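Close look at the chain arrangement
Below, each chain spelled out in residue letters.
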Amino acid sequence: MTTVEGVVEEAEPMRRAFADEGGFQCGFCTPGQIMRALALLAESLAEELGEGAAVRAALAGNVCRCTGYVGIVRALQRCAPNQKQEPTDVQ
């Protein structure tokens, strides 16, 4: 079984996107959200999902009570290969 600690380098762009887009607040669900987001990207499903409702449905197994999923959805969409990467100030 792979945990978020096992994908530190691979998860770096997603972690930055989560930070930039406000995709986490308390951090409780963040590891699971990042792992599911990475799986969606690896399966090339993120490109097919497109709209927020479809992304929310794909992330439905990970409950977040803090963010309302808006930042999480934006972070995943930002990291999808068909999306233009925006420069970030996070270092």
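See the structure shown above.
Our subject in this report is the structure included herewith.

What counts, and at which threshold
- Residues numbered from 1 in each chain as written.
- Predicted model: local features only at pLDDT ≥ 70, side-chain atom pairs only at ≥ 80, totals over all residues.
- Heavy atoms only, no water.
- Core = buried A, V, L, I, M, F, W, Y, C linked by side-chain atoms within 4.5 Å.
- Buried < 20%, exposed > 50% of the residue type's maximum accessible area, 1.4 Å probe, protein only.
- Helix = DSSP H or I, 4+ residues; strand = E, 2+ residues; numbered from the N terminus.
- Contact = heavy atoms within 4.5 Å.
- Expected span 1.5 Å × (residues − 1).
- Bend = angle between axes of the 7 residues up to and from the residue.
- Salt bridge = Lys/Arg side-chain N within 4 Å of Asp/Glu carboxyl O.

Attention now goes to the nonpolar core. In this structure, Met 14, Phe 18, Ile 34, Leu 38 and Ile 72 are the most contacted members of the largest nonpolar core, which totals 22 residues. For this core, the elements supplying multiple residues, two or more each, are α1 (8-21), α2 (30-42), α4 (52-58) and α5 (70-79). Not counting chain neighbours up to four residues away, the residues in contact with Phe 18 comprise Gly 23, Phe 24, Thr 30, Gln 33, Ile 34, Ile 72 and Ala 75.

The subject of this paragraph is α1. Helix length check: α1 (14 residues) gives 19 Å between terminal C-alpha atoms against 20 Å at 1.5 Å per residue, within 8%. The largest bend in α1 is about 30°, located at Met 14. Tucked inside the fold, the buried residues of α1 contact α2 and α5. Phi for Gly 22, located one or two positions after α1, is positive at around 70°.

The next subject is unusual backbone geometry. Not every positive phi belongs to a glycine, and Tyr 69 is a case in point at roughly 70°. With respect to the element layout, Tyr 69 can be found in the loop between α4 and α5. Using a relative accessible area of 18% as the deciding quantity, one classes Tyr 69 as buried.

For the structure shown, the criterion picks out five salt bridges. Its salt-bridge partner being Arg 16, residue Glu 12 comes within 2.9 Å of it at the nearest N-O pair. One end of the pair is Glu 12 and the other is Arg 16, both in helix α1 and four residues apart, which spans about a single turn. Here Glu 21 ties to Arg 74 by a salt bridge, and the two come within 2.9 Å at their closest N and O atoms. Here Glu 21 is found in helix α1, whereas its partner Arg 74 is found in helix α5, with 53 residues between them in sequence.

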